[in-house]
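As a plain string of letters, each chain reads:
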Amino acid sequence: MRIGIDFGTSYSAAAAIIDGELKLVRFGEARQFRTAVFFPEVVPNVEDFVLTPVLEAQVESIIRASRADERAAGLSPRPEVQLHREAVRIVRRQWMEEQTRAASASVASFQDALFGEDAVDAYLEEGTGNLIESPKSMFGYKLDPRVRKTIVSIAAHILEHIRLTATQQFGVPVREAVIGRPVEFRSSMGPAGGDQALGILREAADIAGFDGVSFLEEPAAAAMAYHMQLQERQRAIIVDIGGGTTDVAYAELGGGLEPQVHRSWGLPRGGTDLDVGISLYSFMPHFGKDTSGVPVHHFVEAASVHNLPKQREFRKQDYRQVDEPFGSRLRALQSTGATTRLNQSAERVKIELSAGPRACAALDFIEADLAVEATDADFKVASEDFLDRMQRLLEQTRSDLPEAPGSIFLTGGTSRSPQVQERVRMSFPGIDVVHGDPSLGVVSGLARAAIS
Ligand SMILES: Nc1ncnc2c1ncn2[C@@H]1O[C@H](COP(=O)(O)OP(=O)(O)OP(=O)(O)O)[C@@H](O)[C@H]1O
Ligand SMILES: [Mg+2]
């Protein structure tokens, strides 16, 4: 059986058309799950250490070297037991270091992986282990081979989770999928990043047990969903504003004819950039941004929770010399899970500001009684960069079109924001905006594409 999979930056979903009806795969009770995986750290246990013949030989060679050093320095020989004990200690330490390296590179611990909100909760509760959120954001980045392997494994686990859940619910083996892809992946390598991203997804799907996968641009998938609603043939613009990317398609739809997608446009920016924007504008000044002398890029690294190398950079910094209260707050932000919590708060503030004029977030996990307040005026400044880019993309779209579209179909989680909706309307004055289901527009189109 073939299903449609929306492997989203923030949320993933899957669906199929069965007997002409759209069936969404349920993850627990939910129709989508947070694209996050948690896997516990495999901590090597020193009690597992045994002197194998190879390690025994290393001990002997350390003892021989110590004896040679003694002779060269003219020292009297130390007792054999003492040298043996020291040599075993060195070999055991090297063994532990090797085990630790191997554990962090291995995928064995993926067996205990958790997905979605459960993954985030486990990470925050346990305070150890690894949380990977929004792995899709990294598919197009320059990755060293070891990190690439890890990213492939993570994507494979997510796809396997989807495949097995769907197989169980539909009662038939799911072996094929149409997977959504953005028009332009987030990339640090230009178009080569997009090729790498598709390579990672293909490899991951193979490991996850899919015999075949194909890809469909996400706005083209959303167009299929809109197509089903239209009685009359019309030329429409589809706008999907998600967590990582903003995607646009121009298509002829409805009227009982085949849908025809003519063109697409992409911007590798989305709702997660708004979270980073709010974090930098409203949260980071409480950590000394612009006042403590700490370079601004440190705050960008701390706010970029989806970028593992940047997070690692931030965790490595030494803030012992930074003036109080900022030094202590930055150190608290370096502890496990703190940047994830901060980002969750920033996302919540963003969502609250899409419904009301002010929002507040408690940062007790940093310092007792520390809180952040933000207003719609703050949101306006924090979101300006993203909104301007999005508006330029839509204006480009409009100027590329041969004629005004019949309507704009809007989907994607970020399209829930009234500020975003207003910019879409401003970009296409006088054109009807039709609101699709913000979460399920893409996956339902992918399910339709999966029938043929
Ligand atoms: N009310 C709201 N106001 C603003 N943003 C919102 C709101 N509700 C959800 N979001 C944002 O929507 C985004 C998720 O949207 P969606 O599920 O469409 O993304 P995705 O499909 O996972 O990502 P992509 O398609 O870019 O890979 C998140 O950034 C989330 O914070
Ligand atoms: Mg999406």
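Residues numbered from 1 in each chain as written. Chains lettered and ligands numbered in written order. Predicted model: local features only at pLDDT ≥ 70, side-chain atom pairs only at ≥ 80, totals over all residues. Heavy atoms only, no water.

Here the focus is the overall build of the protein. Counting secondary structure elements, the protein contains 14 helices and 16 strands. Taken along its principal axes, the extent of the C-alpha atoms in the protein is 100 × 55 × 40 Å. Taken across its 452 residues, the protein has 51% of its residues classed as buried. For the protein, the proportion of contacts with a sequence separation of at least 24, taken over those separated by at least 6, is 69%. In the structure as shown, the protein presents an accessible area of about 21,400 Å², 49% of it carried by carbon and sulfur atoms. (Helix = DSSP H or I, 4+ residues; strand = E, 2+ residues; numbered from the N terminus. Buried < 20%, exposed > 50% of the residue type's maximum accessible area, 1.4 Å probe, protein only. Contact = heavy atoms within 4.5 Å. Areas by Shrake-Rupley, 256 points an atom, 1.4 Å probe, with all protein chains shown as cover.)

Our focus in this paragraph is helix α13 (residues 418–427). Among the residues of α13, Gln419, Val420, Gln421, Arg423, Val424 and Ser427 are the ones counted as buried. Buried residues along α13 sit against β10 (234–241), α11 (338–353), α12 (376–400), β15 (407–411) and β16 (432–435).

A few words on the sheet that holds strand β7 (residues 130–133). Here three strands make up an open sheet; going across it, the order is β6-β5-β7 and the pairing antiparallel. At either margin of the open sheet sits one strand with a lone partner, and together these are β6 (114–115) and β7. Pairing analysis gives four bridges linking strand β5 (residues 36–39) to β7, with the strands arranged antiparallel. Within β7, the residue paired with alanine 36 across the bridge is glutamate 133. On top of the sheet, helix α3 (residues 116–126) reaches β5, β6 and β7; it is set at about 40 degrees to β5, its chief contact. (Pairing = 2+ DSSP bridges. Axes fitted to C-alpha atoms, helices over the stretch in contact; angles between N-to-C directions.)

Among the nonpolar cores identified, the biggest contains 40 residues, and Ile3, Ile5, Phe7, Phe139 and Leu159 are the most heavily contacted of them. Of all the secondary structure elements, the ones that give two or more residues to this core are β1 (2–7), β2 (11–18), β5, α4 (145–170), β8 (176–181) and α5 (191–207). With 11 residues, α4 is the largest single contributor of residues to this core. Look past the residues within four positions of isoleucine 3 in its chain and what remains in contact with it is Ala14, Ala15, Ala16, Ile162, Ala166, Phe170, Val174, Glu176, Ala177, Val178 and Ala450. (Core = buried A, V, L, I, M, F, W, Y, C linked by side-chain atoms within 4.5 Å.)

So, on to the packing of aromatic side chains. How two aromatic rings sit relative to each other is given by the distance of their centres and the angle of their planes. According to the stated counting rule, one finds six aromatic pairs in the structure shown. An angle of 70 degrees between the planes, with centres 5.4 Å apart, marks the rings of phenylalanine 49 and tryptophan 95 as edge-to-face. With phenylalanine 49 in the loop between β5 and α1 (53–73) and tryptophan 95 in helix α2 (residues 80–105), this pair connects stretches of sequence that are 46 residues apart. Across the pair, tryptophan 95 and phenylalanine 49 agree in class, each one buried. Ring centres of tyrosine 226 and phenylalanine 409 lie 4.5 Å apart, and the angle between their planes is 15 degrees; on these two criteria the pair is classed as stacked. With a gap of 183 residues between them, tyrosine 226 in helix α6 (residues 218–227) and phenylalanine 409 in strand β15 connect regions that are remote in the sequence. Like phenylalanine 409, tyrosine 226 is buried. Over the aromatic face of phenylalanine 210 sits the side chain of arginine 163, whose NZ or CZ is 6.0 Å from the ring centroid. Cation over ring: arginine 341 sits above phenylalanine 365, and NZ or CZ is 5.9 Å from the ring centre. (Phe/Tyr/Trp six-rings, centres within 6.5 Å; stacked < 30°, edge-to-face > 60°. Lys NZ or Arg CZ within 6 Å of the ring centre and 35° of its normal.)

Around ligand 1, the structure places 21 residues, and the nearest of them are Thr9, Ser10, Lys136, Glu347 and Lys350. Residue tyrosine 11 places a main-chain N or O atom 2.8 Å away from an oxygen atom belonging to ligand 1. Surface burial for ligand 1 is 93%, taken as the share of its 660 Å² of free accessible area covered by protein chains. Looking at the shell around ligand 1, the elements with two or more residues in it are α7 (271–283) and α11. For the shell around ligand 1, the leading source of residues is α11, giving three residues. The class makeup of the residues in the shell around ligand 1 is two nonpolar, 14 polar and five charged. Taken together, domain 2 (232–270 + 387–435) and domain 3 (272–382) each give at least three residues to the shell around ligand 1, which thus spans both. (Near = heavy atom within 4 Å. Polar contact = N/O pair within 3.5 Å; in protein donor to acceptor, adjacent residues only side chain to side chain. Nonpolar A, V, L, I, M, F, W, Y, C, P; charged D, E, K, R; others polar. Domains from an automatic or database assignment.)

Now for the sheet that holds strand β12 (residues 260–267). Read from one edge to the other, the open sheet built from five strands follows the order β12-β11-β10-β15-β16, with strand pairing classed as mixed. The open sheet terminates on both sides in strands that have one partner only, identified here as β12 and β16. Taking the axes of each pair of neighbouring strands and ignoring which way they run, one obtains an average angle of 20 degrees across the sheet. Pairing of β10 with strand β11 (residues 246–253), which is carried by eight bridges, proceeds in the antiparallel orientation. Considered in β11, the bridge of arginine 235 is made with glutamate 252. In the packing of α12 onto the sheet, contacts are made with β10, β11 and β12, and the angle to β12 comes to roughly 150 degrees. Strands in contact with α13 are β10, β15 and β16; relative to β15, the strand with the most contacts, it is inclined by about 160 degrees.

These values are about where atoms sit, not about what they do.
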